[in-house]
Amino acid sequence: MFSLVSYPPLFSAWASGVATGMGLFAVVGAQSAFILRQGLMRAHLISVILICALIDSVFIFASVWGLQAVTAWLPGLSEFMLWFGVSFLLWYAFQSARRAVTHTSGLVAARQAVPSRRGALLGAVGFSLLNPHFWLDMMVVGSLADRFEEARIGFAIGALTASIVWLAILGAGSRLFAPLFSNPRAWRILDGIIAVIMTGLALGLAYKGV
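Only a predicted model underlies this, so the values are computations on that prediction, with no experimental measurement involved.

Participant: Explain the overall build of the chain here, please?
Facilitator: The secondary structure content of the chain amounts to nine helices and zero strands. Written out in order from the N terminus, the α and β elements of the chain read α-α-α-α-α-α-α-α-α. For the chain, the residues scored as buried account for 46% of the 210 residues in total. Long-range contacts, defined here as pairs at least 24 residues apart, represent 88% of the contacts in the chain between residues at least 6 apart. When the accessible area of the chain is evaluated, it comes to approximately 10,700 Å², of which 72% is carbon and sulfur surface.

Dropping the structure here:
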């Protein structure tokens, strides 16, 4: 039976994809912070993780098979996504900061932040597709995959493996720490941290775009 291990070049490409994917994805960025908060709220976590994994899989393989050509054909796309992403991150930072300075009643109030599955899924889509770092990561994946030529599909599978592992870690971690967030103060601290992260990401992107 055919497997990655039985074909050394494919396995090597897969291992490189995993290493690259973990280096790119395993950071507490905008998407990760959103998933952690959803998990702590116990609000549609599985649906959010599944939609993030689906988006990652589509764009990882699209990048490997020619996303660079699309951005070269539409050079204004990168600039548009940059400033739209900056605006999106600043808006979410403002919402998080407002929650951080508002007295809440813990988990019950936190659930109101994303009251529906539709809202949670739209948030997951937004923190993926409207995040310029996401597009940069996909471009890096596609560029590195080209080095493996015919085995680049193995690199794509490896990058997707890393994405799924990181999403699973975020989901499990949020469930593990959920008991700590029965205290309203913990939610305010978390929202304050998220506001700082989102603001830092937005300002960093804006600085690069100037």
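Participant: Would you mind going over the nonpolar core with me for this structure?
Facilitator: Note that soluble globular proteins tend to have their nonpolar side chains buried in a common cluster. Judged by nonpolar contacts, the single largest core of 54 residues is most densely connected at Phe25, Ile35, Ile60, Leu89, Phe127, Val141 and Met198. For this core, the secondary-structure elements that each account for two or more residues are helix 1 (8-25), helix 2 (30-41), helix 3 (45-73), helix 4 (76-100), helix 6 (117-129), helix 7 (132-145), helix 8 (152-177) and helix 9 (184-209). Not counting the four nearest positions on each side in its chain, Val141 is found in contact with Leu24, Phe25, Ile60, Ser63, Val64, Phe155 and Ala159.

Participant: Before we go on, may I ask you to explain the environment of Pro184 in this structure?
Facilitator: When you line up the elements, Pro184 lands in helix 9. As a C-alpha pair, Pro184 and Ala100 span 84 residues in sequence and 9.8 Å in three-dimensional space.

Participant: For this particular structure, what's the right way to read the packing of aromatic side chains?
Facilitator: Two descriptors summarise a pair of aromatic rings, namely the distance from one centre to the other and the angle between the planes of the rings. A complete count under the given rule lists five aromatic pairs for this structure. Relative to Phe134, the ring of Phe59 lies with its centre 5.5 Å away and its plane at 75 degrees, an arrangement referred to as edge-to-face. Placement of Phe59 in helix 3 and of Phe134 in helix 7 is noted, with a sequence separation of 75 residues between them. Classification of Phe134 by relative accessible area gives buried; the value is 8%. Among the aromatic residues, those joined into a ring-pair cluster are Phe59, Phe134 and Trp135.

Participant: Looking at this structure, how should I read the confidence of the model for the chain?
Facilitator: Reading predicted coordinates in detail is not appropriate for stretches of low pLDDT. For the chain, per-residue confidence averages 78 on the pLDDT scale, and 80% of positions sit at 70 or higher. A low-confidence stretch, residues 105-109 (pLDDT under 50), is modelled with nine contacts involving residues beyond four sequence positions or located in other chains.

Participant: Would you take a moment to explain the layout of surface pockets for this structure?
Facilitator: Empty space left among the atoms is revealed by rolling a probe the size of a water molecule over them. Size it by volume and the largest pocket reaches roughly 340 Å³. As for the largest pocket, its lining consists of 21 residues, and the residues nearest its centre are Leu24, Phe25, Val27, Asn131 and Asp137. Those elements that place two or more of their residues in the lining of the largest pocket are helix 1, helix 2, helix 6, helix 7 and helix 8. At five residues, the largest contribution of residues to the lining of the largest pocket is made by helix 7. Of the residues in the lining of the largest pocket, the class split is twelve nonpolar, seven polar and two charged.

Participant: Where do I start with the packing of helix 2 against helix 6 in this structure?
Facilitator: The description of two helices packed together rests on the angle between their axes and the distance between the axes. Running from amino to carboxyl end, helix 2 crosses helix 6 at an angle of 160 degrees, the nearest separation of the two axes being 8 Å. As far as their axial angle goes, helix 6 and helix 2 are roughly antiparallel. Considering the relative orientation of helix 2 and helix 6, their crossing is left-handed. Along its contact with helix 2, which presents Ala30, Gln31, Phe34 and Gln38, the element helix 6 presents Ala120, Gly123, Ala124, Phe127 and Ser128. A per-class count over the contact of helix 2 with helix 6 returns five nonpolar, four polar and no charged.

Participant: Before we go on, may I ask you to explain the pattern of salt bridges in this structure?
Facilitator: Side chains carrying opposite charge are able to pair once their charged atoms draw close together. Scanning all chains against the criterion turns up one salt bridge. One salt bridge connects Asp191 with Arg37, and the closest N-O pair in it is separated by 2.7 Å. Placement of the pair is Asp191 in helix 9 and Arg37 in helix 2, with a sequence separation of 154 residues. Look at Asp191 and you get buried, because its relative accessible area is 2%.

The rules behind these values
Residues numbered from 1 in each chain as written. Predicted model: local features only at pLDDT ≥ 70, side-chain atom pairs only at ≥ 80, totals over all residues. Heavy atoms only, no water. Helix = DSSP H or I, 4+ residues; strand = E, 2+ residues; numbered from the N terminus. Buried < 20%, exposed > 50% of the residue type's maximum accessible area, 1.4 Å probe, protein only. Contact = heavy atoms within 4.5 Å. Areas by Shrake-Rupley, 256 points an atom, 1.4 Å probe, with all protein chains shown as cover. Core = buried A, V, L, I, M, F, W, Y, C linked by side-chain atoms within 4.5 Å. Phe/Tyr/Trp six-rings, centres within 6.5 Å; stacked < 30°, edge-to-face > 60°. pLDDT = per-residue confidence, 0-100. 1 Å grid on protein atoms, 1.4 Å probe; cavity = no way out; pocket = protein on both sides within 12 Å on 5 of 7 lines; lining within 4 Å. Points joined across faces, edges and corners; volume = space filled by probe spheres on them. Nonpolar A, V, L, I, M, F, W, Y, C, P; charged D, E, K, R; others polar. Axes fitted to C-alpha atoms, helices over the stretch in contact; angles between N-to-C directions. Parallel < 35°, antiparallel > 145°, perpendicular 65-115°, else oblique. Left-handed = near helix turned anticlockwise from the far one by under 90°. Salt bridge = Lys/Arg side-chain N within 4 Å of Asp/Glu carboxyl O.

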